[in-house]
Amino acid sequence: MVKHIVLWTLTKDARKNINAVAEDLQKRFKALLGVVDGLTAIEVGRNYNGGTFDLVLYCEFTTREAQDNYQDHPAHVAVKQVVHSLVCGRDCVDYEI
């Protein structure tokens with residue numbers, strides 16, 4: 001199993017509507033379940049603890065190959081375009097268990 005965690009810092013404009021942004025992204029990413037082969041879990045959460053990052057994306061994949069395929073999947077690319085319009089910072093961690 002592969003876990004993929006992405007941390008985002010929102011732009012100032014997006015931060016003004018952080019709850020709506022988080023809810024919208026949660027719906028968009030959840031819609032990928034059953035569409036992207038090997039994606040078994042996905043969720044978006046809002047950081048309530050302060051710090052640099054505003055939102056987190058958590059994903060689980062069956063294999064590294066499934067994660068690689070997710071990156072280029074058209075449904076994911078469409079969501080990624082929305083994310084890029086909202087964020088000004090990003091960090092990522094991937095690990096296998």
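Structure shown above.
Quantities reported herein were computed from a predicted structural model and do not represent experimental measurements.

Trainee: How should the overall build of the chain be read in this particular structure?
Mentor: Counting secondary structure elements, the chain contains four helices and four strands. Starting at the N terminus, the α and β elements of the chain follow one another as β-α-α-β-β-α-α-β. Rg of the C-alpha trace for the chain: 13 Å, near the compact-globule value of 13 Å for 97 residues, within the 12% margin. Summarising its shape, the C-alpha atoms of the chain cover approximately 35 × 25 × 15 Å along the three principal directions. Counted over contacts in the chain with a minimum sequence separation of 6, partners at least 24 positions apart contribute 69%.

Trainee: So what exactly am I meant to see when it comes to the state of the cysteines here?
Mentor: Scanning the model with the defined rule gives zero disulfides in all. The structure places no disulfide on cysteine 59, whose sulfur is separated from the nearest cysteine sulfur, that of cysteine 92, by 8.9 Å. We note that cysteine 88 lacks a disulfide partner, and the nearest cysteine sulfur, in cysteine 92, lies 17 Å from it. Under the relative-accessibility criterion, cysteine 88 is labelled exposed at 57%.

Trainee: Would you mind going over the environment of leucine 32 with me for this structure?
Mentor: Structurally, leucine 32 is set in the loop between helix 2 (18–30) and strand 2 (39–46). The class of leucine 32 is buried, set by a relative accessible area of 3%. Setting aside anything within four residues of it in sequence, one finds leucine 32 in contact with Leu39, Ile42, Tyr70, Ala75, His76 and Val79.

Trainee: How should the pattern of salt bridges be read in this particular structure?
Mentor: A side chain with one charge may pair with a side chain of the opposite charge, provided their charged atoms come close. Scanning the entire structure with this criterion turns up six salt bridges. The salt bridge partner of lysine 16 is aspartate 13, with a shortest N-O separation of 3.5 Å. Of the two residues, lysine 16 and aspartate 13 both sit in helix 1 (residues 12–16), three residues apart, roughly one turn of that helix. Residue aspartate 13 is classed as exposed on the basis of its relative accessible area of 54%.

Reading guide: rules and limits
Residues numbered from 1 in each chain as written. Predicted model: local features only at pLDDT ≥ 70, side-chain atom pairs only at ≥ 80, totals over all residues. Heavy atoms only, no water. Helix = DSSP H or I, 4+ residues; strand = E, 2+ residues; numbered from the N terminus. Rg over C-alpha atoms; globule rule 2.2 N^0.38 Å. Contact = heavy atoms within 4.5 Å. Disulfide = S-S within 2.5 Å. Buried < 20%, exposed > 50% of the residue type's maximum accessible area, 1.4 Å probe, protein only. Salt bridge = Lys/Arg side-chain N within 4 Å of Asp/Glu carboxyl O.

That's the geometry; what it means functionally is another story.
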